[in-house]
Amino acid sequence: GRRWTRERALMLVPVGGRVLKFVAWTGHPEANEQPVPVKVWADSKLVYEGAIKKEDAFYVDIPAAEGQKFIVLDTWIGRTFRPSDYGHGDRRVLGLAIQDWRWEPQ
């Protein structure tokens, strides 16, 4: 099974339209030299797999099934980082940044 770590996130998104427009990116300081692997599943189906550079957003359209109430989004990023390790005061551990999700109308 899948191992839950800070590289993983699980979100339960209420269905509010026909297609979920999902946008994400990473701010990892070394991602341009070593792109960061990312995977996104929707309702256990792999909908995105790739390696992304710093602040290169990726877009995924996720359709909702007729009568579906929620979509389960599961994300994974191959490397996290702590901005404080790169001279910033922020001590959080950061991974995949969800830039936006919005529903295309019915």
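Structure report, in brief. All values derive from a computational prediction rather than experimental measurement. (Residues numbered from 1 in each chain as written. Predicted model: local features only at pLDDT ≥ 70, side-chain atom pairs only at ≥ 80, totals over all residues. Heavy atoms only, no water.)

### Here's the deal with the overall build of the protein
The following threshold applies: Numbering goes from the N terminus for both helices and strands, where a helix is a DSSP run of H or I of at least four residues and a strand is a run of E of at least two. Burial classes: relative accessible area under 20% of the type maximum marks a residue as buried, over 50% as exposed, and values in between as partly exposed (1.4 Å probe, protein chains only). Contact criterion: two residues are considered in contact whenever any of their non-hydrogen atoms come within 4.5 Å of each other.
Counting its regular elements, the protein contains 0 helices and 7 strands. Based on the C-alpha atoms only, the size of the protein along its principal axes is roughly 50 × 30 × 25 Å. When the 106 residues of the protein are sorted by exposure, 32% land in the buried category. Partitioning the contacts of the protein with sequence separation of at least 6, the portion at a separation of at least 24 is 73%.

### Here's the deal with the pattern of salt bridges
Note the following rule: Throughout this description, the term salt bridge denotes a Lys or Arg side-chain nitrogen within 4 Å of a carboxyl oxygen of Asp or Glu.
Counting across every chain of the model gives 7 salt bridges. When the shortest N-O distance is used, the salt bridge between aspartate 74 and arginine 8 registers 2.7 Å. Of this pair, aspartate 74 sits in strand β6 (residues 70-77) while arginine 8 sits in strand β1 (residues 8-14); the two residues are 66 residues apart in sequence, bridging distant segments of the chain. The exposure class assigned to aspartate 74 is buried, which follows from its relative accessible area of 4%. Glutamate 104 serves as the salt-bridge partner of arginine 18, at 2.3 Å between the closest nitrogen and oxygen. In this pair, arginine 18 is assigned in the loop between β1 and β2 (19-25) and glutamate 104 in strand β7 (residues 97-104), connecting sequence segments 86 residues apart. Salt bridges here are not isolated pairs; linked through shared partners, they connect Arg18, Lys21, Asp61 and Glu104.

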